[in-house]
Amino acid sequence: MEGATRPLDIPENISFIEAFPILKREVNGHKLVYFDNAASSQKPRQVLDAIEEYYFKEHSNVHRGVHYLSQLATDRYESARERMRKFINAKSTREIIFTKGCTDGINLVAAAFAKKHLHEGDEILITEMEHHSNIVPWQMACDDKGGKLIVANVLEDGSLDYKDLKSKLSDKTKLVSVVHISNALGTVNPVKKIVAQAKKFGAYTLVDGAQAAPHGGIDVKDIDCDFYVFSGHKMYGPTGSGILYGKESVLEGMPPYQGGGEMIKTVSFEKTTFNELPFKYEAGTPNMAAAVGLAAAADFMDDFGVGNIAQIENGLLQYATERLLEIDGLKIIGTAPEKTSVISFIVDGTHPSDIGAIIDKLGIAVRTGHHCTQPLMDKFGLPGTCRASFAAYNTFEEIDSLVAGVKRAVKMLR
Amino acid sequence: MAASIQDREQEIIDEFEFFPEWMEKYEHLIELGKSLPLIDDRFKTDDNIIKGCQSRVWLHSEKNENLISYSADSDAVITKGIIALMIRVLNNQPPEDIVKAELGFIDQIGLKEHLSPTRSNGLVSMVKQMKFYALAHQAKEA
């Protein structure tokens, strides 16, 4: 090994790893090295156990039953809601809507918000670093209502051009929707400051927390945004789980999204009255098992300590950055001063997908391509990048494998 | 008479028997990719582009007498290596044979994963497009 010396393993890191059964498996004859956490994290035994227990002992349909199991399932589902309220420090469970994930949450807001608040000539302000799911729903809403999508610039190092964002706010701005942490660059945005600025113009605010949730420590009261959305599967929880937080008064003021059971109070063929929050936005039988699993993921993160998670991830980020930069011609895309454990990189004379295909044969999972941020990649003039994203179950040794793998790939490709 | 599609597939299967290890296979593909004559710049147009999530592929076809010829390029070299194999098999073949070709050799040489739609490297669409061109040329003939 050359360059940076591998730091000593952190004891907490070892106990974290133990919780994830999948990490023991082999891929292409090598021990799996999973660096695709920003796409989806693996699941700890605690989450799998909670889902199993729910289906083994507690399942029935929620909210409408008088029988024992229906009551029990309802209790479990509503406790999961309370758990998630606590996870982001919301005021009330009426502000916590269970969704399929982040994309589902944004689509819900885009549809219901636009119906009520968006009019011809109004503007929605986003940033250049948004994921497609925080671009397309707004484009659709704008097309529908004659609104205009305005985009704030990103600087060369991958930070948000805050001055540009500020200059693009006006009385026409109806809503500012901004990513908390960029999936492609790792940039952490100053969301509290952005929200405060947007409020000066009377604009509503949505924060896309898909990449922030896995790090915990979210406080929606402190950020003071109107909406906060995230997925469960990136924060050690099950797929098909997610949360839309909305300020009660704002959610009250919007029309329903989907219609069906659960979201109604009374139905006749002439007129339907709608249920109270949060049920107004949860049409149909919800995904109870996913909610229970998501609450278990929040427990898991808190038991382990978000401080410990952050400490491990920062150590991994720092070590990986130093070591990857040893590689001749390697450039990191996204070097904002405030960033999380995501490293997007390109290597001169090679294509990201070729590097990804070669290191896959060594059992190393990274993501290659445009990371569903095509406009951002176009801005940097890139066909895409290789992205290694770390979770607290990754190790310094795995980073050494990544560096060795990339070096081998580069040698083959050049 | 040129070798048939099947003969050419067999030739490649035999050739790849010398590369049992993935690394040798990939090295061979990279070599093929690097030696593939580039598509003429005038055909490297947006009309000829096949977009995948991972890599881009350009494909051009021509018909001379009753045979179709292809030229192609990709920004990713492993993809380009596989393109070189496809072109070797399908180049200067009659359109009706191209339309029918099953191209099982990719599976047999252990590169099936590259032709999986989930890879999104443009290869699946490229094969479709190659056949589509053949069909179009065939239709023009009729």
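Remember, predicted model here, so these are calculated numbers, not experimental data. (Residues numbered from 1 in each chain as written. Chains lettered and ligands numbered in written order. Predicted model: local features only at pLDDT ≥ 70, side-chain atom pairs only at ≥ 80, totals over all residues. Heavy atoms only, no water.)

Describing the overall build of chain A
Put simply, the test is: Counting from the N terminus, the helices are the DSSP runs of H or I reaching at least four residues and the strands are the DSSP runs of E reaching at least two. The globule rule used here is 2.2 Å times the number of residues to the 0.38 power, and the radius of gyration it is set against is calculated over C-alpha atoms. Buried means the residue's accessible area, taken with a 1.4 Å probe over protein chains only, is under 20% of the maximum for its type, while exposed means over 50%, and partly exposed covers the values in between. Should any heavy atoms of two residues lie within 4.5 Å, those residues are considered in contact. In short, Shrake-Rupley with a 1.4 Å probe defines the accessible areas, and a residue's cover is counted only from the protein chains shown. In this charge count, Lys and Arg are treated as positive and Asp and Glu as negative; neither His nor the chain ends contribute. In this description, the location of a charge corresponds to atom NZ of lysine, CZ of arginine, CG of aspartate or CD of glutamate.
Each helix and strand counted, chain A has 14 helices and 17 strands in total. Computed over its C-alpha atoms, the radius of gyration of chain A comes to 22 Å, within 12% of the 22 Å expected for a compact globule of 414 residues. Expressed as a percentage of the 414 residues in chain A, the buried residues total 59%. When contacts within chain A are restricted to residue pairs at least 6 apart in sequence, those whose partners lie at least 24 apart make up 72%. Counting every atom, chain A has about 16,800 Å² of accessible surface; 51% of that belongs to carbon and sulfur. The average position of the 46 basic charges and that of the 53 acidic charges among the side chains of chain A differ by 2 Å.

Thoughts on the domain arrangement of chain A
All names here are of chain A. Note the threshold: Domain limits in this description derive from either an automatic procedure or a database domain assignment. Values labelled buried area give the accessible surface lost by two parts on being combined, using a 1.4 Å probe and summing over both. Salt bridge, as used here, is a side-chain nitrogen of Lys or Arg placed within 4 Å of a carboxyl oxygen of Asp or Glu. Whenever two N or O atoms come within 3.5 Å, that pair is a polar contact, provided that in protein one can donate a hydrogen and the other can accept it, and provided that, for residues adjacent in sequence, both atoms are side-chain atoms.
What the domain assignment lists for chain A is domain 1 (48–302) and domain 2 (305–413). Between domain 1 and domain 2, the C-alpha centre-to-centre distance is 29 Å. Taken together, the contact pairs 26 residues of domain 1 with 29 residues of domain 2. For the pairing of domain 1 and domain 2, the buried interface totals around 2,200 Å² over both sides, and the portion due to carbon and sulfur atoms is 57%. Looking only at domain 1, the three residues that lose the most surface to domain 2 are H132, L185 and H215, adding up to 26% of its buried area. The interface formed by domain 1 and domain 2 includes 1 salt bridge. Across the pair K379 and E128 runs a salt bridge, and its minimum N-O distance is 3.1 Å. Our count for the domain 1 to domain 2 interface comes out at 14 residue pairs in polar contact (both at pLDDT 80 or more).

Structural notes on the sheet that holds strand 5 (residues 123–127) of chain A
Residues and elements named next belong to chain A. Convention followed: When DSSP finds two or more bridges between two strands, those strands count as paired. Lines fitted to the C-alpha atoms define the axes, with helices restricted to the stretch that makes contact. Angles between their N-to-C directions range from 0 to 180 degrees.
The strand order across the open sheet built from 7 strands is 4-10-9-8-7-5-6, with neighbouring strands paired in mixed fashion. Two strands lie at the open edges of the sheet, namely strand 4 (96–99) and strand 6 (148–152), each paired on one side alone. With direction set aside, neighbouring strand axes in the sheet form an average angle of 20°. Examined bridge by bridge, strand 5 and strand 6 share 5 bridges and lie parallel to one another. In the sheet register, T127 faces strand 6, and the bridge partner there is A152. Packed on one face of the sheet, helix 4 (residues 102–117) meets strand 4, strand 7 (173–179), strand 8 (204–208), strand 9 (227–231) and strand 10 (242–246) and runs near 155° to strand 9. Sitting on the sheet, helix 5 (residues 136–145) is in contact with strand 5, strand 6, strand 7 and strand 8, with an inclination near 145° to strand 6.

So, helix 10 (residues 288–304) of chain A
Residues and elements named next belong to chain A. Spelled out, the test is: Given a helix with a known number of residues, its expected span is that number minus one, times 1.5 Å.
In this model, helix 10 (17 residues) spans 24 Å end to end at C-alpha, consistent with the 24 Å of a helix rising 1.5 Å per residue. Counting buried positions along helix 10 yields 14 of 17 residues, so the element is predominantly enclosed. Just beyond helix 10, the residue with positive phi is G305, at close to 100°.

Description of the interface of chain A and chain B
Where we set the bar: Only Asp, Glu, Lys and Arg are considered charged, only Ala, Val, Leu, Ile, Met, Phe, Trp, Tyr, Cys and Pro nonpolar, and every remaining residue, Gly among them, polar.
Across the boundary between the two partners, chain A contributes 16 residues, which contact 17 residues of chain B. In total, chain A and chain B occlude about 1,500 Å² of area from one another, counting both sides; carbon and sulfur atoms represent 58% of this. In terms of surface lost to chain B, no three residues of chain A exceed H351, K361 and M412 of chain A, which account for 38% of the buried area on that side. Counting every contact that joins chain A to chain B gives 0 salt bridges. One can count 5 residue pairs in polar contact (both at pLDDT 80 or more) joining chain A with chain B. Listing elements by their share of the side of chain A that touches chain B, those giving two or more residues are helix 12 (352–360), strand 16 (367–369) and helix 14 (396–413) of chain A. Class assignment for the residues of the side of chain A that touches chain B results in 6 nonpolar, 5 polar and 5 charged.

What about the packing of helix 2 (residues 45–58) of chain A against helix 3 (residues 68–88) of chain A?
Residue and element names in this part refer to chain A. Heads up, the condition is: When an angle is under 35 degrees it counts as roughly parallel; over 145 it counts as roughly antiparallel; between 65 and 115 it counts as roughly perpendicular; any other value is oblique. When the near helix sits turned anticlockwise from the far one by under a right angle, the crossing is termed left-handed; a clockwise turn instead gives a right-handed crossing.
Two elements in contact, helix 2 and helix 3, have axes whose closest approach is 11 Å; the angle formed by their N-to-C orientations is 160°. Taken together, helix 2 and helix 3 sit at an angle that is classed as roughly antiparallel. Helix 2 and helix 3 meet at a crossing whose hand is right-handed. Residues Y54, K57 and E58 of helix 2 pack against L69, L72, A73 and R76 of helix 3.

Things to note about the packing of aromatic side chains
Condition: We call Phe, Tyr and Trp rings a pair once their centres come within 6.5 Å, taking the six-membered ring for Trp, and we label the pair stacked below 30 degrees between planes, edge-to-face above 60, and tilted otherwise. Consider the ring centre and the ring normal. A charge sits over the ring if Lys NZ or Arg CZ is within 6 Å of that centre and within 35 degrees of that normal.
Per the stated rule, a full pass over the model turns up 20 aromatic pairs over all chains. Each ring, one from Y236 of chain A and one from F300 of chain A, has its centre 5.9 Å from the other, and the planes form 70°; the classification is edge-to-face. Of this pair, Y236 of chain A sits in the loop between strand 9 and strand 10 while F300 of chain A sits in helix 10, and the two are 64 residues apart along the sequence. With respect to burial, Y236 of chain A and F300 of chain A carry one shared label: buried. When the centroid spacing of 5.5 Å and the interplanar angle of 85° are considered together, the rings of W22 of chain B and Y26 of chain B count as edge-to-face. Of this pair, W22 of chain B and Y26 of chain B both sit in helix 2 (residues 22–35), separated by 4 residues, roughly a single helical turn. Taking the relative accessible area as the measure of exposure, Y26 of chain B reaches 1% and is therefore buried. The aromatic ring of Y162 of chain A is capped on one face by K193 of chain A, whose charged end is 4.2 Å from the ring centroid. Taking NZ or CZ as reference, K44 of chain B lies 4.5 Å from the ring centre of W58 of chain B, over its face.

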